[in-house]
Every structure is written in structure tokens, then in C-alpha cells.
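A look at the structure
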Amino acid sequence: MELKIKANHFLSEIFQVKCGRLYINSDKTYETKTTSIIQNDFNSIINEFKFLECILLGNATAYVSILVGLGFNLVCIQPIFEKSIENLCLQKPQNIRGVEYSEHKKFARLAATSFHYDRYSLDQYIPRSHVEIIYSQWITNALLGRADFVLSEANGFCSGKKKQEEGWIDLIATPEGMRKKGLGAQLVAASLYEFNRLGCTVCKVKTELGNLNGVRLYEGLGFKLVGSTLALHWHSK
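Everything in this summary refers to the structure shown in the same document.

Details of the pattern of salt bridges
If you walk through the whole model with that rule in mind, you get 7 salt bridges. A salt bridge links Lys204 to Glu82; the nearest nitrogen and oxygen atoms lie 3.5 Å apart. Of this pair, Lys204 sits in strand 9 (residues 202-206) while Glu82 sits in strand 4 (residues 73-84); the two residues are 122 residues apart in sequence, bridging distant segments of the chain. In this structure Lys204 comes out as buried when scored by relative accessible area, which is 15%. Where Arg197 meets Glu194, a salt bridge forms, and the shortest distance between an N and an O atom there is 2.7 Å. Highlighted residues: Arg197 and Glu194, both in helix 7 (residues 183-197), separated by 3 residues, approximately one helical turn. What emerges from the salt-bridge pattern is a single network uniting Arg21, Glu53 and Arg119.

Shown next, in the form of C-alpha cells:
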């Protein structure tokens, strides 16, 4: 079992402390290691890090107890949904358009007031002001080219990224007063069209187990549950 940490410069700039992501290899040597050895391995790599996150696949639950023993907290479970778009005849909703960077302030404000079920929002040790900056900067970065597209109706937005033949819905948000009115479904439909145009054969999206409206949205659009991830956070004491 090997532990590695990769610095997260995006979060470090927002939190103003050294942040990173912990990675664990997939072998089973942890079964032969004592708790003290694992703790010593962890202590040897944390250096000046003050915040770490670790995202585990849902089938890697054996590592959860190890991470909890190292001081991590499980903050949320994230279901992964998938929909095949191969050979589908898709049409882009006429009221959905691409977003220009000149509009970033409007959508940054929306992002800052959304995502209340996300792992950063659910972490009681992360101030809400930091969470707002994370998502406002996230969508701004998407508009600067970190995403393959950002779509919008007059109010909400949706960003997407292509990863080989998979299209991943990255961020999707609608104003609180516009929810449950079909806007989210239109944004997802437009995303399917864009991913199909980009040559993707499947669309995937990750949400949070507590986000029941999101879960119902994807299930209602024919997405199937194909897996999950576990998000754990560590804060230096």
C-alpha cells in the first residue's frame, strides 16, 4: 500500500494554506501493515499540508476505516450516472446557447449560491465564503477554456468535459426560483447533443446522494446508476 499526495494549487490559493489530494494504490498490502506503520507512512508525506481530500471508488470501502484512522472524515457519497448517446438522434433545445466569457460574473454569482450538497458545502470545517469562491472560480475557469463547453438558457448553466469517448457533465446549476420547471432537463439534453457532436458515446455525471432533485433528474432522463465515489476530507489540527 502506497500513499501519495498531489498538491492542489486551486484550493491552496482559495484557502491560503497548502492543500492536496491523497491517492492510494489499489494493491492489498495494507492487510500486512499495522496501524502504526500506515500512520508513520502518512506522517512522512503530509509535510506542510493543511487540507487533503481523497476520492475513493465505491468498491474501495476497505480503505475508509484506514483513512478515518488517519483523521479523515467521510463527507459525502457521490453516485455516478451514465447514459449511452451512441446512435441517438439528438436535437439541441432551441433556447439553449453557448456562454461567452463576458457573462462570467452573472454565472459566477449563481455558482456561488448553488451546490449546497457538494462535498465542500457539507464539510463543516470549510467556511461558506470559501465554498462560494470555489464554485464561482470553477465556472469562471470553465469559461476560460477548462471545459469543452458551457451552455445556458437565460438563467441556469451547464458545463461539460470530454474524456476520451466519455462526456462528463461538470457543473450544472439553476436559480432556486427556476428549479423543478424543466430547465435542468433542457440543459442536460443540450449537453447530450454537444457530447454527441464531440464524438462521445456515453454521458456521465456525478452528483451527491443527498441531492435528491439531481438524482431524480438524471433517472428521469434515462441515466442509469453505474457506480459511486466516496469523498473524504482531512484537516490539520
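Additional details are given in the paragraphs that follow.
Considering the pairing of strand 6 (residues 149-152)
Residues Phe149 and Leu151 point to one face of strand 6 and Val150 and Ser152 to the other, with burial holding for every one of them. Sheet topology note: the strand 5 (residues 97-98)/strand 6 ladder contains 2 bridges and is antiparallel. Residue Arg97 lies in a different strand from strand 6, and its bridge partner there is Ser152. As paired elements, strand 6 and strand 7 (residues 157-163) share 4 bridges and run antiparallel to each other. Counterpart to Ser152 in the pairing with strand 7 is Phe157. Turn length for the strand 6-strand 7 hairpin, with the two strands adjacent in sequence and antiparallel, is 4 residues.

Here is what the cut-offs are and how they apply
Residues numbered from 1 in each chain as written. Predicted model: local features only at pLDDT ≥ 70, side-chain atom pairs only at ≥ 80, totals over all residues. Heavy atoms only, no water. Salt bridge = Lys/Arg side-chain N within 4 Å of Asp/Glu carboxyl O. Helix = DSSP H or I, 4+ residues; strand = E, 2+ residues; numbered from the N terminus. Buried < 20%, exposed > 50% of the residue type's maximum accessible area, 1.4 Å probe, protein only. Pairing = 2+ DSSP bridges.

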